[in-house]
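Examining the three-dimensional arrangement
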Amino acid sequence: MEEILTLVVSPAAWIALLTLIVMEIVLGIDNLVFVSILTNKLPEENRARARTIGIGGALIMRLLLLSLLFVLVGLTDPIFAVFGEEFSWRDIILIAGGLFLVWKATTEIHHSVDPDVEEEIDPKRAVVMNFGLTIVQILALDLVFSLDSILTAVGMTPHLPIMICAVIVSVILMLVASGPLARFIEQNPTVVMLALGFLLMIGMLLIADGFGVHVPKGYVYAAMAFSGGVEALNMLARRTRKRKGQVH
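Every value quoted in this text rests on a predicted model; they were computed, and no experiment measured them.

A word on the pattern of salt bridges
In total, this model carries five salt bridges according to the counting rule given. The closest approach of N and O atoms between Glu108 and Lys41, which form a salt bridge, is 3.3 Å. A residue pair is termed long-range when its members are at least 10 positions apart, and Glu108 in helix 5 (residues 89-113) and Lys41 in the loop between helix 2 (11-39) and helix 3 (44-67) qualify at 67 residues. Classification of Glu108 by relative accessible area gives buried; the value is 8%. Overall, the relative accessible area of 45% leaves Lys41 in the partly exposed class. A salt bridge links Arg238 to Glu231; its shortest N-O distance comes to 3.2 Å. Exposure remark for Glu231: the relative accessible area of 10% places this residue in the buried category.

Considering empty space enclosed by the protein
It is the rolling of a water-molecule-sized probe over the atoms that shows where space remains empty. Counted by the stated rule, this structure contains one cavity of 30 Å³ or more. Within this model, the largest cavity holds a volume of roughly 50 Å³. For the largest cavity, the full set of lining residues is Phe34, Ile37, Leu38, Leu101, Lys104, Ala105, Glu108, Leu196 and Leu199. Secondary-structure elements contributing two or more residues to the lining of the largest cavity are helix 2, helix 5 and helix 8 (189-210). Broken down by element, the residue count for the lining of the largest cavity peaks at four residues, all from helix 5.

What about the packing of helix 7 (residues 160-187) against helix 8?
Between helix 7 and helix 8, whose axes approach to 5 Å, the crossing angle comes to 115°. Here helix 7 is positioned roughly perpendicular relative to helix 8, judged by the angle of their axes. Residues Phe184, Ile185, Glu186 and Gln187 of helix 7 form the contact with helix 8, whose participating residues are Pro189, Val191 and Val192. Class assignment of the residues belonging to the contact of helix 7 with helix 8 gives a composition of five nonpolar, one polar and one charged.

Observations concerning the confidence of the model for the protein chain
Overall, the predicted model of the protein chain reaches an average pLDDT of 78, with 85% of residues at or above 70. The secondary structure element of the protein chain with the lowest average pLDDT is helix 1 (residues 2-8), at 62, and the one with the highest is strand 2 (residues 85-88), at 85.

What to know about the pairing of strand 1 (residues 78-82)
Note that strand 1 and strand 2 share four bridges and pair antiparallel. Its bridge partner lying in strand 2, Pro78 is registered against Ser88. What sits between strand 1 and strand 2 in their antiparallel hairpin is a turn of two residues, with Phe83 showing a positive phi close to 50°.

Thoughts on helix 3
Along its 24 residues, helix 3 runs 36 Å from first to last C-alpha, staying within 8% of the 34 Å computed at 1.5 Å per residue. Every buried residue belonging to helix 3 is among Asn46, Arg47, Ala50, Arg51, Gly54, Ile55, Gly57, Ala58, Met61, Arg62, Leu65 and Leu66, and all of these are buried.

As for the layout of surface pockets
The volume enclosed by the second largest pocket comes to roughly 350 Å³. In terms of lining residues, the second largest pocket is bounded by 17 residues, among which Val33, Leu181, Val191, Ala195 and Met224 are the most central. When contributions to the lining of the second largest pocket are tallied by element, the ones reaching two or more residues are helix 2, helix 7, helix 8 and helix 9 (217-247). Broken down by element, the lining of the second largest pocket gets its largest block of residues, seven residues, from helix 9. Class assignment of the residues belonging to the lining of the second largest pocket gives a composition of 15 nonpolar, one polar and one charged.

Conventions used here
Residues numbered from 1 in each chain as written. Predicted model: local features only at pLDDT ≥ 70, side-chain atom pairs only at ≥ 80, totals over all residues. Heavy atoms only, no water. Salt bridge = Lys/Arg side-chain N within 4 Å of Asp/Glu carboxyl O. Helix = DSSP H or I, 4+ residues; strand = E, 2+ residues; numbered from the N terminus. Buried < 20%, exposed > 50% of the residue type's maximum accessible area, 1.4 Å probe, protein only. 1 Å grid on protein atoms, 1.4 Å probe; cavity = no way out; pocket = protein on both sides within 12 Å on 5 of 7 lines; lining within 4 Å. Points joined across faces, edges and corners; volume = space filled by probe spheres on them. Axes fitted to C-alpha atoms, helices over the stretch in contact; angles between N-to-C directions. Parallel < 35°, antiparallel > 145°, perpendicular 65-115°, else oblique. Contact = heavy atoms within 4.5 Å. Nonpolar A, V, L, I, M, F, W, Y, C, P; charged D, E, K, R; others polar. pLDDT = per-residue confidence, 0-100. Pairing = 2+ DSSP bridges. Expected span 1.5 Å × (residues − 1).

Have a look at this one:
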């Protein structure tokens with residue numbers, strides 16, 4: 001309790017908290033885009049519930065990891081080496097998560113370009129299967145993104161209360177933003193391809209990180225921001241042409 005009161009009156013602690021919240025939000029963008037794309041494939045009445053469960057799962061996962069910091073620190077210890085390159089449990093989790101993200105993004109891109117003919121199955125059973133599979137995939141990626149997020153938090157501040165507050169605030173903001181983002185992606189199909197390309201790059205980034213090649217995420221975010229800007233201009237141009245067509 002004494003430590004918490006000390007942090008409350010410390011300007012440095014507040015600065016650390018705000019910095020960490022911003023960092024957690026930036027790191028959570030990947031997760032949010034993934035959740036939005038997956039839940040948009042569900043029936044409309046199930047999407048909000050799936051987003052809440054998925055993002056709520058991210059919060060629980062991160063708080064559990066924070067409560068097991070001593071285990072988390074041990075995840076970075078090497079457990080084996082291949083051709084002189086050492087690998088830890090963290091590296092294995094990042095590589096597995098990256099491969100899953102690359103596979104999922106590639107599959108979604110293929111489905112967008114060349115949709116498969118859906119098999120005839122019971123609609124109610126299909127909804128249950130799709131909902132359950134979506135939640136499982138979201139929670140699987142939650143683990144990877146949460147590990148990355150918490151390790152970043154541990155590197156930025158030694159104070160557990162600050163980390164917990166930053167995680168809770170950032171996840172609540174993600175939950176608030178998830179609905180508008182999902183609707184925006186649904187209403188603009190071309191943005192889906194950009195988002196999938198973004199996830200593909202993040203997957204490769206996780207794999208590279210697992211192999212010890214640390215590429216600053218800022219490069220990926222800058223590339224996606226540029227692509228997003230170009231797409232925004234294209235959307236504006238389409239709306240302008242549409243208005244002119246209606247006038248004529």
